[in-house]
Amino acid sequence: MSKKRIELINLIQPAFYKIHRQIHNHEFTHFWFAGGRGSTKSSKISIDIPLLLIKKS
């Protein structure tokens, strides 16, 4: 089975690049994401949670 490489830059909106680095560098323990519906907040978090879990294992 071949593995497909997925670039995070294609999944994360540019507005969340800095936040992505902050989350994975453990710069803060809490984040408050402002924005209305359709601002991709939940999509961003749905990418980060599995990555953090994989990183911890």
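Read on for an overview of the structure. This structure is a prediction, so every number in the text was calculated from the model and none was measured. (Residues numbered from 1 in each chain as written. Predicted model: local features only at pLDDT ≥ 70, side-chain atom pairs only at ≥ 80, totals over all residues. Heavy atoms only, no water.)

**Considering helix α2 (residues 41-56)**
Consideration 1: In a regular helix each residue adds 1.5 Å, so 16 residues correspond to 22 Å; α2 covers 23 Å between its end C-alpha atoms and thus fits that length.
Consideration 2: The complete set of buried residues in α2 reads Lys44, Ile47 and Asp48. The buried residues of α2 occupy an angular sector of 95° when projected down its axis, which confines them to one face. Exposed residues pointing more than 90 degrees away from the buried face of α2 are listed as Ser42, Leu53 and Lys56.
Consideration 3: In this fold, the buried residues of α2 make contact with α1 (17-24). (Helix = DSSP H or I, 4+ residues; strand = E, 2+ residues; numbered from the N terminus. Expected span 1.5 Å × (residues − 1). Buried < 20%, exposed > 50% of the residue type's maximum accessible area, 1.4 Å probe, protein only. Arc of directions from axis to C-beta. Contact = heavy atoms within 4.5 Å.)

**Overview of the nonpolar core**
Consideration 1: If you look at the biggest cluster of nonpolar residues, it comprises five residues: Ile12, Phe16, Ile19, Ile23 and Ile47.
Consideration 2: Apart from the residues within four sequence positions on either side, Ile19 is in contact with Phe31 and Phe33. (Core = buried A, V, L, I, M, F, W, Y, C linked by side-chain atoms within 4.5 Å.)

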